[in-house]
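As a plain string of letters, each chain reads:
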Amino acid sequence: MTGTKRDGATRIIARCREIATHTEVPGEITRRFLTPPMHAVHSLLRQWMEAAGMTVQVDAIGNLRGLWLSGIPNAPRLIIGSHLDTVPNAGAFDGILGVILGVAVVEQLQQRQLPFSIEVIGFSEEEGVRFSKAFLGSLAVVGKLDSETLQLTDEHGISIAEAIGNYGLDPAQLPAALLSRDAFAYLEFHIEQGPILESERASLGIVEALVGQTRMQLLFGGQSNHAGTTPMLLRHDAMAAAAEWIVAVEEYANSHQGLVATVGKLEASPGAGNVIAGRVKTSLDIRHADDNIRHAAVDALTQIAKTAATKRGVTLTLRTEMEQSAVPLDLHLTALLQTAATKAGFHSNRMTSGAGHDAMILAPTIPSTMLFLRSPGGLSHHPNEAVLPQDVEAALVTAMEFLALLSNDKTKDRHA
Ligand code: HGY
Ligand code: MN
Ligand code: MN
């Protein structure tokens, strides 16, 4: 690759790292839905988007939307997007890279004429950390954000609707956030967040499907009591019930091919070493490419939780926070993307995403496809998450080939 191309990749990585400095927690990268640092992220991206000749607006759910017009009247629109929010103590590339690469694609187009326009969307909420509800940004653009969801509250009792207002936006304007009717396809660049591409020594992967996922909250309700004076037989120990269940979750997932199950959160109260835990709140994240296997796992693991609770005289309360079926991406666009990678000189394999992405929310509405970039060390949702300059450049060159193929493809005429 020539120097300038590598410089382009280096600049994209530098921009991701600049965005990463805008965080709720100094010293780490944490940026949840419509928290104050998102203002700085929006103004930085607006600067870069406007310099690339895009008009920029923030919609009522806080998605940042940059539009590059093709110059042809009533041209259809390709959407390129990913998310701007992060998990706690995140890396610098999950989500952000897809938006910065979208801007870089537009920057490469400066003198070119395309038969379609490009809208780059930085979605405001994909991880679902602040309100335990993922994909708020992409759900809004496909019209699936219901009014009940707007009443969900965060740990301070602030509702989504209030958070929108506190950010300076108007929830009444949500209908205007819908995708433009001339949107004909969606492309998302994203780090793989896993070890497969690195094991294949591949820069890029072509995503043909995303696994389904269930996310739940389990509340074990026991009885707090004195750790020293309460005989073991008289206890209703919520922590012991949860602990027995958590070990069973790992054992179940280890014995079912392709299933992943994670208990990532555990909050015990009252949380003192000399008090038997009266209440334990845990999370459960279950994923599999086959929805039937995932549903069977949810049933089995919730039954195991009930047994572990009942035998200790502990109650169990279940709350489902996400029920997302597995999503196949568009066959034709995915084939086009793989052809583009080949034309760009990069071998790429088809793969299924173990992570959820905004593409799974858009795919039922417009033909969607995803390009994965290798994750060094297979690491993500971690401060050491990284991306290689040569892989960023490979993605950019592939994107330009994809635009050329799309220019002569019938998909863009869907809305003609
Ligand atoms: O958790 C996920 O699947 C993604 O990182 N939102
Ligand atoms: Mn993520
Ligand atoms: Mn992501």
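What counts as what
- Within any chain, residue numbers begin from 1 and follow the written order of that chain's sequence.
- Chain letters start at A and ligand numbers start at 1, both assigned in the order the entries are written.
- Restriction of local features to residues with pLDDT of at least 70 applies here, the model being predicted, together with a cutoff of 80 or more for giving and counting side-chain atom pairs; totals for whole chains, interfaces and linings are based on all residues.
- Note that water and hydrogens are dropped before the side-chain values are worked out from all heavy atoms of the structure.
- Where helices and strands are cited, they refer to DSSP runs of H or I of at least four residues and of E of at least two residues respectively, numbered from the N terminus.
- Relative accessibility under 20% of the residue-type maximum defines a buried residue, over 50% an exposed one, and the middle range a partly exposed one, all with a 1.4 Å probe and only protein chains included.
- Should any heavy atoms of two residues lie within 4.5 Å, those residues are counted as being in contact.
- Any residue with a heavy atom positioned within 4 Å of a molecule or strand is treated as near that molecule or strand.
- Each residue receives one of three labels: charged for Asp, Glu, Lys and Arg, nonpolar for Ala, Val, Leu, Ile, Met, Phe, Trp, Tyr, Cys and Pro, and polar for the others, Gly being one of them.
- Buried Ala, Val, Leu, Ile, Met, Phe, Trp, Tyr and Cys residues that are joined via side-chain atoms within 4.5 Å together make up what is termed a nonpolar core.
- Counted as donors are the N, O and S atoms within 2.8 Å of the metal, or 3.2 Å for Na, K and Ca, while water is not among the atoms, so some sites may look incomplete.
- One speaks of a salt bridge when a side-chain nitrogen belonging to Lys or Arg is within 4 Å of a carboxyl oxygen belonging to Asp or Glu.
- To obtain an axis, a line is fitted to C-alpha atoms, over the contacting stretch when the element is a helix, and the angle between two such axes runs from 0 to 180 degrees between their N-to-C directions.
- Each angle is binned into one of four classes, with values under 35 degrees roughly parallel, values over 145 roughly antiparallel, values of 65 to 115 roughly perpendicular, and all other values oblique.
- By definition, turning the near helix anticlockwise from the far helix through less than a right angle yields a left-handed crossing, and turning it clockwise yields a right-handed one.
- The definition of a polar contact used here is a pair of N or O atoms within 3.5 Å, where within protein one atom must be able to donate a hydrogen and the other to accept one, and adjacent residues in sequence count solely through side-chain atom pairs.
- Put simply, two rings from Phe, Tyr or Trp (the six-membered ring, in Trp's case) pair if the centres are within 6.5 Å, and we call them stacked under 30 degrees between planes, edge-to-face over 60, tilted for the rest.
- Multiply 1.5 Å by the residue count of a helix minus one, and that product is the helix's expected span.

1. Some thoughts on the environment of Thr-30
- Assignment of secondary structure puts Thr-30 in the loop between helix 1 (3-20) and helix 2 (37-51).
- Residue Thr-30 is classed as buried on the basis of its relative accessible area, which comes to 5%.
- Taking the C-alpha atoms as reference points, Thr-30 and Pro-88, separated by 58 residues in sequence, lie 4.6 Å from one another.
- Residues in contact with Thr-30, not counting those within four places in the same chain, are Thr-23, Glu-24, Val-25, Thr-86, Val-87, Pro-88 and Asn-89.

2. Observations regarding the site of ligand 1
- The immediate surroundings of ligand 1 are formed by Glu-126, Glu-127, Gln-193, Gln-213, Arg-215, Arg-287, Ala-355, Gly-356 and His-381.
- A class-by-class count of the residues in the shell around ligand 1 yields one nonpolar, four polar and four charged.

3. Observations regarding the nonpolar core
- In this structure, Leu-97 and Ile-118 are the most contacted members of the largest nonpolar core, which totals 108 residues.
- With ten residues, helix 11 (residues 389-407) is the largest single contributor of residues to this core.
- Setting aside chain neighbours within four positions, we find Leu-97 in contact with Ile-12, Cys-16, Ile-191, Leu-373, Val-387 and Val-392.
- With 22 residues, the next largest nonpolar core counts Tyr-252, Ala-253, Leu-259 and Val-298 among its residues.

4. Re the coordination of the manganese ion (ligand 3)
- Coordination of the manganese ion (ligand 3) by the protein involves His-83 (NE2), Asp-94 (OD) and His-190 (NE2), with metal-donor separations of 2.0 to 2.3 Å.
- Between consecutive donor residues of the manganese ion (ligand 3), the sequence gaps follow H-x10-D-x95-H.
- Separation of the manganese ion (ligand 3) from the manganese ion (ligand 2) amounts to 3.4 Å, with Asp-94 serving as a shared donor to the pair. Here the residue His-83 occupies a position in strand 3 (residues 77-83), and His-190 occupies one in strand 5 (residues 183-191), the gap between them amounting to 107 residues. One exposure class covers both His-83 and His-190, and it is buried.

5. Brief notes about the coordination of the manganese ion (ligand 2)
- Of the protein atoms, only Asp-94 (OD), Glu-127 (OE) and His-381 (NE2) coordinate the manganese ion (ligand 2), at distances of 2.0 to 2.1 Å.
- The motif formed by the donor residues of the manganese ion (ligand 2), counted along the single chain, is D-x32-E-x253-H.
- For Asp-94, a relative accessible area of 5% gives the class buried.

6. Here we look at the pattern of salt bridges
- Taken as a whole and judged by the stated rule, the model has 21 salt bridges.
- Two residues, Glu-267 and Lys-281, come together in a salt bridge whose shortest N-O distance is 3.7 Å. On the criterion of sequence distance, the pair formed by Glu-267 in strand 10 (residues 266-269) and Lys-281 in strand 12 (residues 279-288) is long-range, its members being 14 residues apart.
- On the basis of relative accessible area, Glu-267 is assigned to the partly exposed category, the value being 41%.

7. Comments concerning the packing of helix 3 (residues 96-108) against helix 11
- Here helix 3 crosses helix 11 at 55°, and the two axes come no closer than 10 Å. Comparing the axis directions of helix 3 and helix 11 gives the class oblique. Here helix 3 runs over helix 11; the crossing is right-handed. Every residue of helix 11 that contacts helix 3 at Leu-97, Leu-101, Ala-104, Val-105 and Gln-108 is listed here: Val-392, Ala-395, Leu-396, Ala-399, Met-400 and Leu-403.

8. Remarks on unusual backbone geometry
- Residue Pro-270 is reached from Ser-269 by a cis peptide bond, and omega for that bond is 10°.
- Looking at the element boundaries, Pro-270 is found in the loop between strand 10 and strand 11 (275-276).
- One non-glycine residue, Asn-89, adopts positive backbone phi at about 55°.
- Positive phi values are uncommon outside glycine, yet His-381 reaches one of about 55°.
- Counting through the fold element by element, His-381 comes out in the loop between strand 16 (368-373) and helix 11.

9. A look at the side chain of Thr-411
- Considering the arrangement of structural elements, one finds Thr-411 in the segment after helix 11.
- You can call Thr-411 buried: its relative accessible area is 9%.
- Here Asp-409 takes part through its side chain, which lies 2.4 Å from a polar atom of the side chain of Thr-411.
- When neighbours within four sequence positions are excluded, Thr-411 is seen to be in contact with Phe-184, Ala-185, His-332, Leu-333 and Pro-367.

10. Considering the packing of aromatic side chains
- Per the stated rule, a full pass over the model turns up four aromatic pairs.
- Seen from their ring centres, Phe-33 and Phe-131 are 6.0 Å apart, and the 80° between their planes marks the pair as edge-to-face. Here Phe-33, found in the loop between helix 1 and helix 2, pairs with Phe-131, found in the loop between strand 4 (117-123) and helix 4 (136-141); they are 98 residues apart in sequence, far enough to count as distant. As far as the burial class goes, Phe-33 and Phe-131 line up, both buried.

11. With respect to the environment of Glu-107
- If you trace the backbone, Glu-107 turns up in helix 3.
- Along the primary structure Glu-107 and Gly-128 are separated by 21 residues, whereas in three dimensions their C-alpha atoms are 31 Å apart.
- The residues touching Glu-107, leaving out its near neighbours within four places in the chain, are Arg-11, Arg-15, Trp-48 and Ala-52.
- Of the polar contacts made by the side chain of Glu-107, one reaches the side chain of Arg-11; its length is 2.7 Å.
- Reaching out from Glu-107, the side chain makes a polar contact with the side chain of Arg-15 at a distance of 3.0 Å.

12. Overview of helix 8 (residues 291-310)
- In a regular helix each residue adds 1.5 Å, so 20 residues correspond to 28 Å; helix 8 covers 28 Å between its end C-alpha atoms and thus fits that length.
- In this fold, the buried residues of helix 8 make contact with strand 7 (212-221), helix 7 (238-254), strand 9 (260-262), strand 12 and strand 13 (315-324).
- With a side-chain oxygen lying 2.7 Å from the backbone nitrogen of Asn-292, the N-terminal cap of helix 8 falls on Asp-290.

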